[in-house]
Amino acid sequence: KKYELEIKRSDERYKMLIDSASDAIFIMDVCGNFLQTNSKGYLMLGYSLEELMKMSISNVIPEEDLLYEPLKLDNVETGKSFFSERRLKCKDGNIIYVEASLTMLPENSIQAILRDTSERRKAQEELVKSQRNYKNLIEYSPDGIFIHDDKGNVVFANPAALKIMGISTLEELI
């Protein structure tokens with residue numbers, strides 16, 4: 001009885017740990033069929049737990065991605081983690097970006113821990129776009145723009161500034 005009670009408590013702690021994780025955690029068989037997930041997993045993809053348990057990982061990866069980068073679950077070796085970045089298709093058709101860490105478990109199943117990186121990816125794309133716009137604004141401005149360091153040395157001059165100074169390169173100014 002005491003042993004059974006201890007196993008039950010251990011199982012309850014394990015389930016609480018998994019469900020409170022901020023990342024989606026999936027357990028799959030070696031073919032990629034979902035066997036278990038925490039609430040973050042099915043909520044992230046927009047499915048109910050029952051729907052997701054009838055599916056496999058290949059059902060939530062866009063078909064074109066599977067063509068160009070097929071699943072290679074056999075790359076997951078016991079004791080070693082395999083890291084990957086993927087796009088996943090949610091029930092509503094939206095695409096999310098995830099980082100996935102896959103590990104073979106002792107009972108010949110695969111644990112996948114997925115982190116949704118869609119917002120971070122969007123922020124990175126916005127930053128690149130903003131930097132490109134800033135660069136274009138500076139480069140194509142009809143006004144001369146100089147940037148100098150804290151000692152007063154010119155470290156940048158846009159083409160209009162060079163033209164105003166009658167030079168063709170920044171090195172000529174220095």
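These numbers come from a predicted model, not from an experiment.

Basis of the calculations
- Residues numbered from 1 in each chain as written.
- Predicted model: local features only at pLDDT ≥ 70, side-chain atom pairs only at ≥ 80, totals over all residues.
- Heavy atoms only, no water.
- Helix = DSSP H or I, 4+ residues; strand = E, 2+ residues; numbered from the N terminus.
- Buried < 20%, exposed > 50% of the residue type's maximum accessible area, 1.4 Å probe, protein only.
- Contact = heavy atoms within 4.5 Å.
- Pairing = 2+ DSSP bridges.

**Topic: the environment of Cys 90**
Reasoning step 1: Turning to its location among the elements, Cys 90 is positioned in the loop between strand S3 (81–89) and strand S4 (95–104).
Reasoning step 2: Judged by relative accessible area, Cys 90 falls into the buried class, the value being 9%.
Reasoning step 3: For the pair Cys 90 and Glu 51, spaced 39 residues apart in sequence, the C-alpha to C-alpha distance is 12 Å.
Reasoning step 4: The contacts of Cys 90, once residues within four sequence positions are left out, are Met 44, Leu 45, Tyr 47 and Ile 96.

**Notes on the side chain of Ser 141**
Reasoning step 1: In this fold, Ser 141 is placed in the loop between helix H5 (118–140) and strand S6 (146–148).
Reasoning step 2: Residue classification places Ser 141 among the buried positions, given a relative accessible area of 15%.
Reasoning step 3: Once residues lying within four places of it in the same chain are set aside, the contact partners of Ser 141 are Asn 136, Asn 158 and Ala 160.

**Some details on the pairing of S4**
Reasoning step 1: For S4, the tally of buried residues reaches seven of 10 residues, placing the bulk of the element in the interior.
Reasoning step 2: For S3 and S4, the ladder comprises nine bridges, and the chain directions are antiparallel. Pairing of Ser 84 across the sheet is with Ala 100, part of S4.
Reasoning step 3: Across seven bridges, S4 lies against strand S5 (residues 110–116) in antiparallel orientation. Bridged to Thr 103 within S5 is Gln 111.
Reasoning step 4: The hairpin formed by S4 and S5 contains five residues between the paired strands, and Asn 108 there has a positive phi angle of roughly 65°.

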